[in-house]
Amino acid sequence: QVQLVESGGGLVQAGGSLRLSCAASGRTFSNYAMGWFRQAPGKEREFVAAISWGGGTTSYADSVKGRFTISRDNAKNTVYLQMNSLKPEDTAVYYCAGKPIPNYRATHVYTRADDYDYWGQGTQVTVSS
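An account of the accompanying structure is given in this report. Just so you know, these numbers come straight off a predicted model, no measurement behind them. Numbering of residues begins from 1 in every chain and follows the order in which that chain's sequence is written. Per-residue local features are limited, in this predicted model, to residues with pLDDT of at least 70; the limit for side-chain atom pairs, both in listing and counting, is 80 or more; totals at the level of whole chains, interfaces and linings are taken over all residues. Side-chain measures here rest on the full set of heavy atoms in the structure, leaving out hydrogens and waters.

Observations regarding the nonpolar core
Note the following rule: In plain words, nonpolar cores are sets of buried Ala, Val, Leu, Ile, Met, Phe, Trp, Tyr and Cys residues tied together by side-chain atoms within 4.5 Å. Each residue's exposure class comes from its accessible area (1.4 Å probe, protein chains only) as a fraction of the maximum for that residue type: buried when under 20%, exposed when over 50%, partly exposed otherwise. Helical segments are the DSSP runs of H or I of at least four residues, strand segments are the runs of E of at least two, and each set is numbered from the N terminus. Whether two residues are in contact is decided by their heavy atoms: any pair within 4.5 Å suffices.
Trp36, Leu81, Met83 and Tyr94 are the most contacted members of the largest nonpolar core, which has 38 residues in total. Of all the secondary structure elements, the ones that give two or more residues to this core are β3 (18-25), β4 (32-39), β5 (46-51), β7 (68-73), β8 (78-83), β9 (92-100) and β11 (123-128). If we ignore the near neighbours within four places in the chain, the residues touching Tyr94 are Glu6, Leu20, Trp36, Phe37, Arg38, Val48, Phe68, Leu81, Met83, Gly122, Thr123 and Val125.

See the structure below:
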């Protein structure tokens, strides 16, 4: 089992940037595919970005493509979400999620919340106009 703890959220003006971090502990991190999701008030949780075990494959929601970048440092057991050109509609609680995977799926990414087994507690991102 792995524990996930997000950090880096906050209040930022539209057009600004934030970098979210998700620190993993408990078990080896490098055998996990990772993802970021977000949930705005009154809305369902939605996919933001995902990254494969080795970091070589990534996937993004259309709404964040070109503005957000997901990355990971397996030596530090951390996954990041760099968010640039933030918009008020990016306001939400952001969650990181982890999925243990076998070696033969090392390049896979997962975009559905139901695919993931472990979740962090979330970090609030608020973008003011």
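Some remarks on the pattern of salt bridges
Close approach of charged atoms allows side chains with opposite charge to pair. Here is the rule: Think of a salt bridge as a Lys or Arg side-chain nitrogen and an Asp or Glu carboxyl oxygen that are within 4 Å of each other.
The full count for this structure, using the stated rule, is five salt bridges. Two residues, Arg38 and Glu46, come together in a salt bridge whose shortest N-O distance is 2.6 Å. A salt bridge links Lys65 to Asp62, with the nearest nitrogen and oxygen atoms 3.2 Å apart. Accessibility classification places Lys65 together with Asp62 in one group, the exposed group. Here the residues in one salt-bridge network are Arg38, Glu46, Arg67 and Asp90, joined through shared partners.

So, the state of the cysteines
To keep things clear, this is the line we draw: Pairs of cysteine sulfur atoms within 2.5 Å are identified as disulfides in what follows.
With the rule as written, the count across this model stands at one disulfide. Put simply, Cys22 and Cys96 are joined by a disulfide, and their sulfur atoms are 1.9 Å apart. Taking the sign of the torsion about the S-S bond as the criterion, the disulfide between Cys22 and Cys96, at about 40 degrees, is right-handed. Placement of the pair is Cys22 in strand β3 and Cys96 in strand β9, with a sequence separation of 74 residues. By relative accessible area, which is 0% here, Cys22 ends up buried. Using a relative accessible area of 0% as the deciding quantity, one classes Cys96 as buried.

Here we look at the sheet that holds strand β1 (residues 3-7)
Applicable threshold: In this description, strands pair whenever DSSP reports at least two bridges between them. A fitted line through C-alpha atoms represents every axis, and for helices the fit uses only the stretch in contact; the resulting angles, taken between N-to-C directions, go from 0 to 180 degrees.
The strand order across the open sheet built from four strands is β1-β3-β8-β7, with neighbouring strands paired in antiparallel fashion. Every interior strand has two partners, whereas the edge strands, β1 and β7, have only one. Strand after strand, the sheet turns through a mean of 15 degrees between neighbouring axes, direction not considered. Relative to β3, β1 is paired through five bridges, and the arrangement is antiparallel. When the sheet's bridge partners are listed, Glu6 is paired in β3 with Cys22.

Things to note about the packing of aromatic side chains
Applied cut-off: Note on aromatic pairs: the rings of Phe, Tyr and Trp (six-membered ring only in Trp) are paired at centre separations within 6.5 Å, and the planes decide the class, stacked below 30 degrees, edge-to-face beyond 60, tilted for the rest. Here, over-ring charges are defined by two tests on the NZ atom of lysine or the CZ atom of arginine: distance to the ring centre within 6 Å, and angle to the ring normal within 35 degrees.
In total, this model carries five aromatic pairs according to the counting rule given. With a centroid separation of 5.5 Å and an interplanar angle of 80 degrees, the aromatic rings of Phe37 and Tyr116 are classed as edge-to-face. Placement of the pair is Phe37 in strand β4 and Tyr116 in the loop between β9 and β10 (118-119), with a sequence separation of 79 residues. As far as the burial class goes, Phe37 and Tyr116 line up, both buried. Here Tyr116 and Trp119 contribute two aromatic rings whose centre-to-centre distance is 6.2 Å and whose plane-to-plane angle is 70 degrees, an arrangement assigned as edge-to-face. Taken together, Phe37, Phe47, Tyr116 and Trp119 form an aromatic cluster joined through their ring pairs. Stacked on the ring of Tyr110, the Lys or Arg Lys99 has its end atom at 5.2 Å from the ring centre.

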